[in-house]
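Fold and geometry: a report
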Amino acid sequence: MSNTHYDVAVIGAGMVGATLASLLSRSGFSVALVESREPEAFDAGAEVGLRVSAISPGSQAILEQAGAWKAISSQRARPYRRMQVEDGVDMDPLLFDAPVFNLERLGTIVENALVQWSLWQVLNAGGLVDLYCPDQLAGIEASKQHNRVLLQGGKTLTASLVVGADGAASRVRKSLGIRQDHYAYNQSGLVAAVGKSQANPGVAWQRFLPGGPLAFLPLSDGRSSIVWTQPTAEAERLLQLDSEEFGKELDVASSGWLGAVESCGPRAAFPLSMRLSENYAARRVVLIGDAAHVVHPLAGQGVNLGFADAAGLTEILLGVRSSGEDIGSSRVLRKYERWRKSESEAMAFGMHALRSLFGIDGLSPARRFGMAMVKRSWLLRDKFLQRAAGLAANAPALAKGETLRSLIQR
Ligand SMILES: Cc1cc2nc3c(=O)[nH]c(=O)nc-3n(C[C@H](O)[C@H](O)[C@H](O)COP(=O)(O)OP(=O)(O)OC[C@H]3O[C@@H](n4cnc5c(N)ncnc54)[C@H](O)[C@@H]3O)c2cc1C
């Protein structure tokens, strides 16, 4: 492929943009993918990366259709079949077990770098996508028939639809002048790979503490990837401690879970916020992934929402193509926006409410009532789990197991 007009130009080849590019190109759309940084080759012998994600079963199904899941799951990926949630007060934990919800697993913990690299390999091997990398978006000029995409390297592409998958600081979103509500939590997520005296048996464990939730997510070598949410100043203090001191504080915070801390890899902290864009679409452009929405990571849903955006957009565009409609028409854009905006806002506000409920004093009646309600109500737990698994009624067909082939033939 060497033309410079495309059905779709995707800006940003992070996990979400690369997934969309793969799904669309495998569906027969001509696709340009612009990325400023080529991902580093994944080295399975190197230390586990600091950024990991809990990939839901729905996202796994999407990545299967994008052609990347086999490579991901054959390397450093760890499925988990139990989720254990403690409120730090009542020692009777809330348990979610996969078989109870008719699932083979609740999710898989993988390094972000492995997901991105596996997708990159698929895109390179398939030869179906024109990669513009390293290059960056310089600007978008909208017109009635198509958009002109100007790259900093001097090239100009035209596309019927431009997709902003360029992350939280999205240049695409800014160039459209789309407003965003930004709620800074003044909290950071401290991450590290931690070994305890007992290996993690494949459980995603989370304890709500006064400063914020502490999660231990199982890694393939028996260690856990931790995400410890703390007020930013406290996270900074924890980063400054030597590993022995840090281990002692982590022991106290995670007491009773898998014994004592025995090892701790490099640490880093990421500021946490909720960002919701006022619009997800305008002038032949749509936003997906963190470019459209950023949610609190306490239920590990950020990139899962992004994968669902990619799958949902693919489903809409395939439907439009079969009817001969312009894929960049305002009707198509609105359809995408209505669907995905309501889904991600529901998730963002749900996370916000959970964070607020558990962020208040441990003995507060509201918090204890909330936990007791969830424990008693199978329906509530089921609803929560279906959504977290990416399998709720309104999820994209690809997340619910439909193949690209059958979507194309619809
Ligand atoms: C501590 C922490 C833990 C988390 N844990 C989870 C979890 O367990 N599960 C989960 O689902 N989510 C989790 N998340 C959220 C998740 O990491 C993000 O939602 C996800 O990485 C967003 O992916 P993306 O592809 O949309 O954006 P990004 O990863 O930001 O990718 C954007 C891409 O666009 C490129 N780019 C940017 N600007 C330009 C430009 N102008 N031109 C060309 N290219 C450009 C960038 O180089 C990058 O490759 C967590 C987040 C944090 C902070």
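Here is what the cut-offs are and how they apply
- Residues numbered from 1 in each chain as written.
- Predicted model: local features only at pLDDT ≥ 70, side-chain atom pairs only at ≥ 80, totals over all residues.
- Heavy atoms only, no water.
- Helix = DSSP H or I, 4+ residues; strand = E, 2+ residues; numbered from the N terminus.
- Buried < 20%, exposed > 50% of the residue type's maximum accessible area, 1.4 Å probe, protein only.
- Near = heavy atom within 4 Å.
- Polar contact = N/O pair within 3.5 Å; in protein donor to acceptor, adjacent residues only side chain to side chain.
- Areas by Shrake-Rupley, 256 points an atom, 1.4 Å probe, with all protein chains shown as cover.
- Nonpolar A, V, L, I, M, F, W, Y, C, P; charged D, E, K, R; others polar.
- Axes fitted to C-alpha atoms, helices over the stretch in contact; angles between N-to-C directions.
- Parallel < 35°, antiparallel > 145°, perpendicular 65-115°, else oblique.
- Left-handed = near helix turned anticlockwise from the far one by under 90°.
- Contact = heavy atoms within 4.5 Å.
- Pairing = 2+ DSSP bridges.
- Core = buried A, V, L, I, M, F, W, Y, C linked by side-chain atoms within 4.5 Å.
- Salt bridge = Lys/Arg side-chain N within 4 Å of Asp/Glu carboxyl O.
- Phe/Tyr/Trp six-rings, centres within 6.5 Å; stacked < 30°, edge-to-face > 60°.
- Lys NZ or Arg CZ within 6 Å of the ring centre and 35° of its normal.

What follows is about unusual backbone geometry. The peptide bond linking Cys133 to Pro134 adopts the cis configuration, its omega dihedral lying at 0°. With respect to the helices and strands, the residue Pro134 is situated in the loop between strand E8 (129-132) and strand E9 (137-142). In this model, Asn186 sits at a positive phi of 55°, which is unusual for a non-glycine residue. Its location among the elements puts Asn186 in strand E12 (residues 180-196). For Asn186, a relative accessible area of 61% puts it in the exposed group. Even without glycine at this site, Leu258 takes up a positive phi of about 60°. You can see Leu258 is positioned in the loop between helix H7 (243-253) and strand E16 (261-264). Residue classification places Leu258 among the buried positions, given a relative accessible area of 8%.

Below, the discussion takes up the site of the ligand. Taken together, 30 residues lie near the ligand, and Glu35, Arg51, Ala54, Asp290 and Val303 sit nearest. Asp290 places a side-chain nitrogen or oxygen 2.7 Å from an oxygen atom of the ligand. Compared with its free state, where it exposes 1,000 Å², the ligand has 86% of that area covered by protein. Elements with a contribution of two residues or more to the shell around the ligand: helix H1 (15-26), strand E3 (52-55), helix H4 (112-126) and helix H8 (302-323). Its residues placed into classes, the shell around the ligand shows 11 nonpolar, 13 polar and six charged.

Put simply, H1 and H8 touch, their axes get as near as 9 Å, and they point 25° apart. Between H1 and H8, the angle is such that the two are roughly parallel. H8 is crossed by H1, and the crossing has right-handed handedness. Facing Met15, Val16, Thr19, Leu20, Leu23 and Leu24 of H1, the residues of H8 in contact are Val303, Gly306, Phe307, Ala310, Ala311, Leu313, Thr314 and Leu317. Of the residues contributing to the contact of H1 with H8, the split by class is 11 nonpolar, three polar and no charged.

Attention now goes to the sheet that holds strand E7 (residues 107-111). Strand pairing in a sheet relies on backbone hydrogen bonds, with the paired strands running either antiparallel or parallel. Read from one edge of the open sheet, three strands run E3-E7-E4, paired in antiparallel fashion. Each having just a single partner strand, E3 and strand E4 (77-80) make up the two edges of the open sheet. Taking each pair of neighbouring strands and ignoring which way they run, the sheet shows an average axis angle of 20°. With four bridges joining them, E3 and E7 adopt antiparallel strand pairing. Bridge pairing links Val52 to Glu111 in E7. Its contacts with the sheet put helix H2 (residues 57-65) on E3 and E7, and the angle it makes with E3 is roughly 100°. Where H4 meets the sheet, its contacts fall on E3 and E7, and the angle it forms with E7 comes to roughly 85°.

Time to look at the nonpolar core. Grouped together as the largest cluster of nonpolar side chains are 79 residues, with contacts concentrated most on Val163 and Leu317. At nine residues, the largest contribution of residues to this core is made by H8. Residues in contact with Val163, not counting those within four places in the same chain, are Val8, Ala9, Val10, Ile11, Leu20, Val286, Ile288 and Leu313. By size, the runner-up hydrophobic cluster in this structure holds 31 residues, among which are Ala54, Tyr80, Met274 and Met347.

Our focus in this paragraph is the pattern of salt bridges. Scanning the entire structure with this criterion turns up 21 salt bridges. Between Arg237 and Glu234 there is a salt bridge, and its shortest N-O distance comes to 2.7 Å. Pair noted here: Arg237 and Glu234 are both in helix H6 (residues 232-240), with a separation of three residues, about one helical turn. Looking at Arg237, the relative accessible area reads 33%, which means it is partly exposed. Since its relative accessible area comes to 25%, Glu234 is described here as partly exposed. Shared partners join several salt bridges into a network, and the residues in it are Glu47, Asp221 and Arg223.

Two elements in contact, H1 and H4, have axes whose closest approach is 9 Å; the angle formed by their N-to-C orientations is 30°. Relative to H4, H1 is oriented roughly parallel. Of the two possible hands of crossing, H1 and H4 adopt the one that is left-handed. For the pair H1 and H4, the contacting residues are Met15, Ala18, Thr19, Ala21, Ser22 and Arg26 in the first and Asn112, Val115, Gln116, Leu119, Val122 and Leu123 in the second.

Here the focus is the packing of aromatic side chains. One pass over the full model with this rule turns up six aromatic pairs. Centre to centre, the rings of Trp205 and Phe216 are 5.5 Å apart; their planes meet at 85°, and the pair counts as edge-to-face. Of this pair, Trp205 sits in strand E13 (residues 203-209) while Phe216 sits in strand E14 (residues 212-218), and the two are 11 residues apart along the sequence. The residues Trp205 and Phe216 share a single accessibility class, namely buried. In textbook terms, an aromatic cluster arises when at least three aromatic residues are bridged by ring pairs, as seen for Trp205, Phe216 and Trp257. In this structure, Arg51 packs its charged tip against the face of Phe270, placed 4.4 Å from the ring centre. A cation over an aromatic ring shows up here: Arg267 above the ring of Phe246, its NZ or CZ 4.5 Å from the ring centre.

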